[in-house]
Structure formats: structure tokens, C-alpha cells
Amino acid sequence: MGVSSYNTSPYFDDYDPSKGFVQILAVAGRPEQSREFTQMGTMQRDFLARLGDAIFKDGTVIDGCAFVISDGVLKISTGRIYYSGLVRMINEEVRVPIVGAGSEVIGIKLKTEIITENQDASLRNPAVGTQAAGT
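One structure accompanies this document, and this report is about it.

Considerations on the side chain of Arg88
Right, so step 1: Its location among the elements puts Arg88 in strand β5 (residues 86-90).
Right, so step 2: Within the buried core, Arg88 has no salt-bridge partner, and the shortest N-O distance to an opposite charge, that of Asp58, equals 7.7 Å.
Right, so step 3: At a separation of 3.3 Å, a polar atom in the side chain of Arg88 contacts the main-chain carbonyl oxygen of Ser84.
Right, so step 4: Ignoring any residue separated from it by four or fewer positions in sequence, one finds Arg88 in contact with Arg45, Gly79, Arg80, Ile81, Tyr83 and Leu110.

What follows is the structure in C-alpha cells.
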């Protein structure tokens, strides 16, 4: 259903869809915690996944993803596929070798990773050095 499993430090994402909560409210004068922002994102993804699951099945091609077999290699064109609660972008020319004997199974493999500001500098705080950033 697209619910996060990041209920560990530093995220503490303990969103539980079985509680039926549909909104997280902010209170004026009280600072929000990173946990609340993380939960809002997980809640939104859960709602979108439930809607998507009502419309699509995992593996539904939304757009593109044309197959071309040439010299024993399958090429898949750029496209979008619904998988695991989200519409996923598929890069052009994903190459899959075709053995040509017996049955061939073609699918997608989802790789999940957390990218931090150490791997992608564009995620760093753009407000560093301003009064709002506390420096």
C-alpha cells in the first residue's frame, strides 16, 4: 500500500493507516517536528496508493514502454508504469538480454534508496546563513 517502513532514527515515521487519521494539523506557536513532516509525506503517499490501486494493477503501462527486440536484446522505450503505489518513470533503452530458449519473463525491479544531501548537493539547505536558518 505504499506505507513507509522508516520508523527508525532519524525519521521516526510511525504513520499507521489503521488509525484512520486523514490530516496532521499544525498549532500556531508550536514548532513542527521532522517526524510530522515525514508522516505527512507517508500519509499522502498512502492515500495516493489506495487511489491508484483502485484504478490500476501493478505493472500497468501508463504511457510508452514500447518493446523492441534486436540481436537478442530487448529495448524498452521511455515510459511510465504503475508499480507499488506510484507511477514510475522508466528510462529509455533499458536492455534485457533475451536467451531465446524456453520461457522469458520480463518485468521491472524496484530499487529503493535514501539519497541525502551528501550524495546530492541540491538537497542542502538553501537558507544557510540567513536569519531564519538560525545562523
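Let's talk about the pattern of salt bridges
Right, so step 1: With the rule as written, the count across this model stands at 4 salt bridges.
Right, so step 2: Its salt-bridge partner being Arg80, residue Asp63 comes within 3.9 Å of it at the nearest N-O pair. Of this pair, Asp63 sits in strand β1 (residues 60-64) while Arg80 sits in strand β4 (residues 79-83); the two residues are 17 residues apart in sequence, bridging distant segments of the chain.

Reading the values: rules and limits
- Throughout this document, residue positions are counted from 1 along each chain, in the order its sequence is written.
- pLDDT decides what is reported in this predicted model: residues at 70 or higher carry local features, side-chain atom pairs at 80 or more are listed and counted, and totals for whole chains, interfaces and linings draw on all residues regardless.
- Hydrogen atoms and water are omitted, and side-chain values are computed over all heavy atoms in the structure.
- Under the DSSP-based scheme used, a helix requires at least four consecutive residues in state H or I and a strand at least two consecutive residues in state E, with every element numbered from the N terminus.
- Under the scheme applied here, a residue whose accessible area is under 20% of the maximum for its type counts as buried, over 50% as exposed, and between as partly exposed, the area being computed with a 1.4 Å probe on protein chains only.
- We treat Lys and Arg as the positive residues and Asp and Glu as the negative residues; His and chain ends play no part in the count.
- Salt bridges are defined as contacts in which a side-chain nitrogen from Lys or Arg sits within 4 Å of a carboxyl oxygen from Asp or Glu.
- Two N or O atoms count as a polar contact when they lie within 3.5 Å, although within protein this holds only if one can serve as hydrogen donor and the other as acceptor, and sequence-adjacent residues are included solely when both atoms are side-chain atoms.
- Throughout, a residue-residue contact means that at least one pair of heavy atoms, one from each residue, lies within 4.5 Å.

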